[in-house]
Amino acid sequence: MAVSIKSPREIALMRESCKRLEYVHDKLGEALKPGMSTLEVDRLGEKLIREMDGIPNFLHYNGFPASICVSVNEEVVHGIPKKDRILKEGDIVSLDAGLIYKGYHSDAARTYMIGKVKPEVKDLVERTKQSFFEGIKMAREGNHLYDISNAIADYIEGFGYGIVEDLVGHGIGTKLHEDPQIPNFRQKKKGLMLKAGMTLAIEPMINLGTWEVEWLEDDWTVVTADGLPSAHYENTILITEDEPEILTLSR
Ligand code: MG
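What comes next concerns the included structure. (Residues numbered from 1 in each chain as written. Predicted model: local features only at pLDDT ≥ 70, side-chain atom pairs only at ≥ 80, totals over all residues. Heavy atoms only, no water.)

### Remarks on unusual backbone geometry
- Backbone torsion omega between Asp-179 and Pro-180 reads 0 degrees, so that peptide bond is classified as cis.
- Tracing the chain through its elements places Pro-180 in strand 8 (residues 178–182).
- One non-glycine residue, Asn-73, adopts positive backbone phi at about 55 degrees.
- One can find Asn-73 in the loop between strand 2 (68–72) and strand 3 (75–77).
- Relative accessible area serves as the criterion here: at 17%, Asn-73 is assigned to the buried category.
- A positive phi angle is found at Lys-102, which is not glycine, with a value near 50 degrees.
- Along the chain, the position of Lys-102 falls in the loop between strand 4 (92–101) and strand 5 (104–113).
- Judged by its relative accessible area of 61%, Lys-102 falls in the exposed class. (Helix = DSSP H or I, 4+ residues; strand = E, 2+ residues; numbered from the N terminus. Buried < 20%, exposed > 50% of the residue type's maximum accessible area, 1.4 Å probe, protein only.)

Written as structure tokens, this is what we have:
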């Protein structure tokens, strides 16, 4: 497994790409409201990406038909935006977006609550986000890759949630998906040793009920097997000689 170590020049470009994506996410988050279609979310996202001189990296990736993955409630990831899927009060919606800037990819996801959602769903969204932060505490040079996976699992398992196993985080750089794969569930092995200059997309996908997922007929949309909600949170990060740097979250 060849994991790329980015040069200072490449790290600077990754930062630029990720900063632009952070802006896109911030603007999308502000725009979400009941009555908005998931297609409108995608159209706005693509416009914002292009305004930031980025190229949407999800568009046409293995045939994906949109720039933003918009996954509502029981949809885990890879929801295809549609004009007749309308966001309503009480929904949660996961937006996964990425862009290419000067040849370098960024990737991040957020789950938003539309208006007031059920308390157990709000907890799921907040704990999914927190699990990312638990994971990156271990994202330090000299630690092992699966220290991150196990830290996420340690935090999540206590709540009895299902951790998605079919989809995982990944390395990122001149390609959207690079080595290594980064599971969010418990690992028995240690995995590779982390080194400064690795850039990783860490992205826990956590289900309120079962960990099991299914694919819809469109062969893209991943849904929970029991129909209960799922949340997703992702940032592109940089391993350094000290604290990890969250490239898609500067505040
Ligand atoms: Mg990703």
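Picking up where we left off.
### Regarding the layout of surface pockets
- The volume enclosed by the largest pocket comes to roughly 430 Å³.
- Looking at the largest pocket, it is lined by 24 residues, and the ones nearest its centre are Tyr-61, His-78, Leu-167, His-177 and Glu-203.
- Elements with a contribution of two residues or more to the lining of the largest pocket: strand 7 (169–171) and strand 8.
- When residues of the lining of the largest pocket are assigned to their parent elements, the largest contribution, four residues, is made by strand 8. (1 Å grid on protein atoms, 1.4 Å probe; cavity = no way out; pocket = protein on both sides within 12 Å on 5 of 7 lines; lining within 4 Å. Points joined across faces, edges and corners; volume = space filled by probe spheres on them.)

Purely spatial values, then, with no claim about function.
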